[in-house]
Amino acid sequence: MQRPLAASLLVPLALAGTLALAGCSGAPPEVKDTRAPTAPTGVTATAGSASTVHVMWSAATDDRAVTGYTVFSEGRRVKDLPATTLMTDIVGLAPATPHRFTVRARDAAGNASPPSATVTATTLRAAAEDRTPPTTPTALRATPDGSRAVTLRWSPARDDTRVTAYDVYQADTRIHTVPGTTTSARVGGLRPGTAYAFTVRARDAAENSSPDSAPADLTTAASPGAPPNTAPTRLAVTSARSEVTVTWTPPDTGAPVTHHELHLDGRFTTTIIWGTAPPPGRATYTFPVQDPPGTRYTVTLRARLPDGTWGDFSAPRTVVVR
């Protein structure tokens, strides 16, 4: 069996340059920003345990740019977050108690939006010590909802007490939470023509989480006139004896794909090269790892296209070092 080679990419040296500043005594003064962002909309609050509530919202808008969000509980500021974050967990709350939340957006000039609509979530009752996690959710499936959203559905998990929440993960990052009585979720904010992978975990009132469900892959529809997606497909990653094995199907580019880039946790790791003709069908590459058992990696691949450019990234997979 032909084995691929791995070639590390050298980081180019930064080029030094000189920044020349030009002044103009007649330049008009900068206009002060006094316009506040709009209030965040679509705010939801879901109790996940006796002491935590998951708060989510839709992005606000600003005439320049929203730079962050502030979450308030009972009118008291409890979290400051960057503009890229549209969800958070509020922890340390009193059990079996209703808690009210609002969210405000802010811009670089310090202008704050009006508060969002108030949402209320009641934390669960404190239970006796529970160390048994729920079972794994099964039959996860993803259905596209246009080119920028997906609807996920799954079969329910079981727990010795009860499932209180389901957490949706993308590339090992939690992006959404729904109550334990719900077995579906709509995830928006996706990019057209992009490969995604989603998993779901069940959680109980004691914050025990189930193992990840099997992943559900989805490639969103491309924008009109955009080229088709060129990501490798059917990516599978396993770990054994301090090494990781990656198996995938190269994209159909009309020519043999001789180079793939391997990325771990979003960072370039190596280039996988076949010296002659690549193997037909599925491709496999194994590499050693030195991190301790339990270390988690998010793995993605992309192929070099016939024109020499790099194609789209595969849907990610998460692997645990053994």
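Residues numbered from 1 in each chain as written. Predicted model: local features only at pLDDT ≥ 70, side-chain atom pairs only at ≥ 80, totals over all residues. Heavy atoms only, no water.

J.: I tried to follow the packing of aromatic side chains on my own but got confused; where do I start?
T.: Geometry of an aromatic ring pair is reported as the spacing of the ring centres plus the angle between the planes. Inspection of the entire model under this criterion finds 5 aromatic pairs. Ring centres of Y285 and F287 lie 5.9 Å apart, and the angle between their planes is 20 degrees; on these two criteria the pair is classed as stacked. Accessibility classification places Y285 together with F287 in one group, the buried group. Over the ring of Y169 we find R201, and its NZ or CZ is 3.8 Å from the ring centre. (Phe/Tyr/Trp six-rings, centres within 6.5 Å; stacked < 30°, edge-to-face > 60°. Buried < 20%, exposed > 50% of the residue type's maximum accessible area, 1.4 Å probe, protein only. Lys NZ or Arg CZ within 6 Å of the ring centre and 35° of its normal.)

J.: When you look at the sheet that holds strand β2 (residues 41-47) in this model, what are you seeing that I'm missing?
T.: If you trace the 3 strands from one edge of the open sheet to the other, you get β2-β3-β6, paired in antiparallel fashion. Edge positions in the sheet fall to β2 and β6 (87-90), since each of these pairs with one other strand and no more. Averaged over all pairs of adjacent strands, the angle between their axes in this sheet comes to 15 degrees, without regard to strand direction. Of the strand pairs in this sheet, β2 and strand β3 (residues 53-58) are connected by 5 bridges, and their pairing is antiparallel. Looking across to β3, one finds that T44 is bridged to M56. (Pairing = 2+ DSSP bridges. Helix = DSSP H or I, 4+ residues; strand = E, 2+ residues; numbered from the N terminus. Axes fitted to C-alpha atoms, helices over the stretch in contact; angles between N-to-C directions.)

J.: For this particular structure, what's the right way to read the environment of G75?
T.: Relative to the helices and strands, G75 is located in the loop between β4 (66-73) and β5 (76-82). Here G75 falls in the exposed class, since its relative accessible area comes to 65%.

J.: Looking at this structure, I do not really get unusual backbone geometry. What am I missing?
T.: If a residue is not glycine, its phi is most likely negative; likewise, a peptide bond is most likely trans. In this model, A139 sits at a positive phi of 55 degrees, which is unusual for a non-glycine residue. If you trace the backbone, A139 turns up in strand β9 (residues 138-144). Overall, the relative accessible area of 46% leaves A139 in the partly exposed class. Of note, A171 is a non-glycine position whose phi angle comes to about 55 degrees, a positive value. With respect to the helices and strands, A171 occurs in the loop between β11 (163-170) and β12 (173-179). The class for A171 is partly exposed, based on a relative accessible area of 31%.

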